[in-house]
Each structure stands twice: as structure tokens, then as C-alpha cells.
Amino acid sequence: MTEIPKSHPRYESLMTREKITEGVEKGLTALQGLIAQGRGEAFDYLIGEKTIESAHYSEVAAAALLLLAEKPVISVNGNAAVLAPSELVTLSQLTNAKLEVNLFHRTEERVGKIVEELKKHGADVVLGENAESLLPLDHDRSKAERDGIYSADVIFVPLEDGDRCEALANMKKLVIAVDLNPLSRTSQTAHISIVDNLTRAAANMIELIPDLKSMTEDELWDIIDAYDNSMALIGAIEEIKEHLTQKQDELFGPEEEPQPDPKVAAAMQRRSEVASRVMIRGGDLMME
Ligand code: PTJ
């Protein structure tokens, strides 16, 4: 692992990059996971590398839905397994959700390694090794465990592929996605789309759970009923726009107020001169 000084302004981001690289070296993360990470980093930069307001809104709803679910499952892929293994195990314990390794670029060897990795981080049972072709997708992407993802009512899918997210939603499951790209098909098809880095989203949800657990079921359902995923996604896009404008202002100074066309300005000047002449003449007439 490359030594990154804590003082580096991009310490967090570089450490995350190191985790993914190490994940590839250990055979936990797919090589394609590096590309996914790069894409995620670019979007994280656009939201300011922080949990934006709309993501917080989605994280509250996501944590509430996991608590309300009867058969929740947390799906873990090669990126999630190295970015937030402890957090995903803790989240599963706090919400009684099963953990299932579910890979896009599936190899049985990698499934086994991720199962072991999650167990090293405290998981008792991790599903995934007895997956069957149960999802309406081609090839290995159709694989899921009968007692896990296949029979789940709520599925938490960090960094999911768009096709699979859509397939799960079509199977009438409630899907919670974590994806830094608010325009991705995953974000567009999930029921709750969290536009945040998985490293922050999982930690935030863990922090929210004690408060949510003190609420009644009706109060939790109120949170879900009031939740609007389009609002969350529009909010994320608006926050990206605002952040870009703020960066532009910082780097190049605020945009100048648009100047009126000189011809229009001259006409307005003439009109105001005429108006003041009329007012003076009106005053004179009143005096006469
Ligand atoms: O381990 P496997 O075989 O299941 O493969 C996992 C990857 C992630 C390689 C696979 O599912 C894949 O190719 O995903 P995509 O289609 O590249 O989509 C990944 C999405 O996750 C992109 O929209 C990224 O912006 C987003 N993303 C990447 N890193 C993060 C992220 N979102 C949240 N947190 C991140 N750290």
C-alpha cells in the first residue's frame, strides 16, 4: 500500500483508491471495479466529497425501510466488500438483514473470498455460495440465493449494475441503491437512491438507526410515505449545479451581472430624460 500523508488535501479519496487497488490484488475486487471507482470519484468531486442534503434525506428513508422490512438483504459486491466491510456487517446486525455476496463479474473463487472477508469483519452467516439462476437476467448475473435476494422484500444494493437493479425492481422488491451518479440507470430505477459515497452512506445510516429504532412503526411508515425519490435525485443534480457555480466563482470570480444592450440603455436614458422633463413641465403648469 502506498504511504499517504494524513496532511494530503485529498487523503480520504486517495486512501479509498488504495483500498480498491488492494482489493484487486487480494482477488476480492474485479479489475472493472477500478473503473467503477474512478467514475464514482468523479461524481464525488462534483458533489463536494460530502454528504449532500438530498443524500441525507434518502439515507433516513433507507434506514427506516430496512428496519421495517420483513426480509431485508444487503447485497455485497467486490467494491463494497473492500470499501465498507465493517459498516455493512454492522448495518446487517442492526437491521437483521442478511448479507449476500452478489457479483456482476462472477467467479466462485471471488464469491468465496468475499464471504471470508465479511466473516473476518464479524459476520456470522454470509450467503452467496449457493446461488441459483433465479433472476430474469442472462448468464451469471441471474444468480441469487433462494433464501436471500430471491425472497427478499427490501434489498440494499451499493454500486449495483443498472440491469440488475431494474430486474429486482420488476420483481416487486423495494430497492435501495447507493450510487454517486444521480443519472445512472440504477439511480433512476431504485426506489430509494442514495447519491453519496458508500463509505459515508453506510456510516451515516448506522448513526441514524438508534434514533429511528426509538420511533413507532407508524412513524417509520410516515417517513417512507413522505419520501419522494424524484425529489432526492433532482435535489442531488441541483446541488451539483450549485457546487459547480460556487467553484467557478472561487476560481474565476463571480459572474458579472449581465449588461443591457447599449441601444436599449440609450433608449431607456432618453425615456427617463423625457419623463423628468414632463414632470418639470407639469410642476411649472401647476404653479402658473
Ligand atoms: O464485484 P462485481 O463483479 O459485482 O463488480 C462491481 C462493479 C462495481 C465493478 C460493477 O457492478 C460495475 O461495473 O458497476 P458500474 O456499472 O461501473 O457502476 C458502478 C456505479 O457505482 C457508477 O455509477 C459509479 O458512479 C458508482 N460508484 C463508484 N464508486 C462508488 C459509487 N457509488 C457510491 N460510492 C462509491 N464509492
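Please refer to the structure placed before this passage.
Just so it is clear, the model here is predicted, and its values are computed rather than measured.

### Quick word on the sheet that holds strand β7 (residues 174-178)
Right, on to step 1. Spatially, the six strands line up as an open sheet ordered β3-β2-β1-β6-β7-β8, and their pairing is parallel. Two strands lie at the open edges of the sheet, namely β3 (126-127) and β8 (192-194), each paired on one side alone.
Right, on to step 2. Each of β1 (72-76), β2 (98-101) and β3 touches helix α6 (residues 108-120); the most contacted strand, β2, lies at about 150° to it.

### Examining the site of the ligand
Right, on to step 1. The immediate surroundings of the ligand are formed by 24 residues, with A36, G40, N77, G78 and H105 found nearest.
Right, on to step 2. Across the shell around the ligand, the residue classes tally to 10 nonpolar, 11 polar and three charged.

### With respect to the packing of helix α3 (residues 53-68) against helix α9 (residues 198-213)
Right, on to step 1. For the pair α3 and α9, the least separation of the axes is 9 Å and the interaxial angle reads 60°. Between α3 and α9, the crossing angle belongs to the class labelled oblique. Crossing of α3 over α9 shows right-handed handedness. Contacts from A55, E59, V60, A62, A63, A64 and L67 of α3 reach α9 at A201, N204, M205, L208, I209, L212 and K213.
Right, on to step 2. For the contact of α3 with α9, the per-class residue count stands at 11 nonpolar, one polar and two charged.

Scoring rules and cut-offs
- Residues numbered from 1 in each chain as written.
- Predicted model: local features only at pLDDT ≥ 70, side-chain atom pairs only at ≥ 80, totals over all residues.
- Pairing = 2+ DSSP bridges.
- Helix = DSSP H or I, 4+ residues; strand = E, 2+ residues; numbered from the N terminus.
- Contact = placed C-beta atoms within 7 Å.
- Axes fitted to C-alpha atoms, helices over the stretch in contact; angles between N-to-C directions.
- Near = placed C-beta within 6 Å.
- Nonpolar A, V, L, I, M, F, W, Y, C, P; charged D, E, K, R; others polar.
- Parallel < 35°, antiparallel > 145°, perpendicular 65-115°, else oblique.
- Left-handed = near helix turned anticlockwise from the far one by under 90°.

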